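# Structural description and commentary
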Amino acid sequence: MIGFDWTMEKFFWYLFFMFFTFMYFTFYGMMAVAMTPNSDIAAIVSTAFYAIWNIFAGFLIPRPRIPVWWRWYSWACPVAWTLYGLVASQFGDIKTTMEGGESVEEYIRRFFGFRHDFLGVVAVAVVGFTVLFAFVFAFSIKVFNFQRR
């Protein structure tokens, strides 16, 4: 309904990014619970990070329009990498010319700063966030003990 091409490559890229996005959100929630003394504090911390992630993901303000002194956080934001992967994999190689005279590929590169040839790095980053959150969760479960006697 939004113009996805019917190719196996794009279908599997979409599955890949959605699967690992769900994985890192799940592991992030588990990590937040493991690092805090109770679920109430974990919910507060998670909500704060979700809000910050949404601000810097590129939904509201694209990465090239974020001020330079805040752009580093866009690169450290896992949701920004997911958005990069989904948009670049689905629309980053379309050469169709739009009304303004530029192709879809050129528009995505100019407005969002997304390049289709950067998909490998984006995939590694999304998997890296998943592994990082899983590792921090496992480490926190082993090391932190919030029981009082």
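Going by an unreviewed UniProt entry, the protein chain carries the name Plant PDR ABC transporter associated and comes from Musa troglodytarum. Looking at the protein chain in UniProt, the text filed under Subcellular location (unreviewed entry) is "Membrane".

## Points about the packing of helix α1 (residues 8-35) against helix α4 (residues 78-91)
Axis separation between α1 and α4 bottoms out at 9 Å; the angle between their running directions is 170 degrees. If you check the angle between α1 and α4, you find them roughly antiparallel. On α4, the residues that touch K10, W13, Y14, F17, M18, T21, Y24 and F25 of α1 are P78, V79, T82, G85, L86, S89 and Q90. Its residues assigned to classes, the contact of α1 with α4 shows nine nonpolar, five polar and one charged.

## With respect to the packing of aromatic side chains
Overall, the coordinates contain 31 aromatic pairs when judged by the stated rule. When the ring of F16 is compared with that of F17, the centres are 5.2 Å apart and the planes differ by 80 degrees; the resulting orientation is edge-to-face. Among the residues examined, F16 registers a relative accessible area of 24% and is labelled partly exposed. Since its relative accessible area comes to 0%, F17 is described here as buried. Both rings, one in W53 and one in F133, keep their centres 6.1 Å apart while their planes meet at 20 degrees; by these two values the pair is stacked. On the criterion of sequence distance, the pair formed by W53 in helix α2 (residues 39-56) and F133 in helix α6 (residues 119-143) is long-range, its members being 80 residues apart. W53 gets classed as buried once you look at its relative accessible area, which sits at 4%. We classify F133 as buried; its relative accessible area is 7%. Members of the aromatic cluster, joined through ring pairs, are Y24, F25, Y28, F49, Y50, W53, F129 and F133. In this structure, R63 is placed above the aromatic ring of W75, and the distance from its NZ or CZ to the ring centre is 3.8 Å.

About the cut-offs
- Sequence order as written defines residue numbering, which begins from 1 separately in each chain.
- Restriction of local features to residues with pLDDT of at least 70 applies here, the model being predicted, together with a cutoff of 80 or more for giving and counting side-chain atom pairs; totals for whole chains, interfaces and linings are based on all residues.
- To get the side-chain values, all heavy atoms of the structure are used, and hydrogens and water are removed first.
- UniProt positions are given in the numbering used here, feature names are shortened, and annotations may be inferred rather than shown by experiment.
- Fitting a line to C-alpha atoms yields each axis, with helices limited to the stretch in contact; the angle taken between N-to-C directions then spans 0 to 180 degrees.
- Numbering of helices and strands runs from the N terminus, with a helix taken as a DSSP run of H or I at least four residues long and a strand as a DSSP run of E at least two residues long.
- Note on terminology: angles under 35 degrees are roughly parallel, angles over 145 are roughly antiparallel, angles of 65 to 115 are roughly perpendicular, and the others are oblique.
- Residue contacts are counted whenever heavy atoms from the two residues lie within 4.5 Å of one another.
- Polar here means any residue other than Ala, Val, Leu, Ile, Met, Phe, Trp, Tyr, Cys and Pro, which are nonpolar, and Asp, Glu, Lys and Arg, which are charged; Gly is therefore polar.
- Stacked, edge-to-face and tilted labels apply to pairs of Phe, Tyr and Trp rings (six-membered ring for Trp) whose centres lie within 6.5 Å, assigned for plane angles under 30 degrees, over 60, and everything in between, in that order.
- Only protein chains enter the accessibility calculation, which uses a 1.4 Å probe; a residue is then buried when its area is under 20% of its type maximum, exposed when over 50%, and partly exposed in between.
- In our convention, an over-ring charge means Lys NZ or Arg CZ found within 6 Å of a ring centre and within 35 degrees of that ring's normal.

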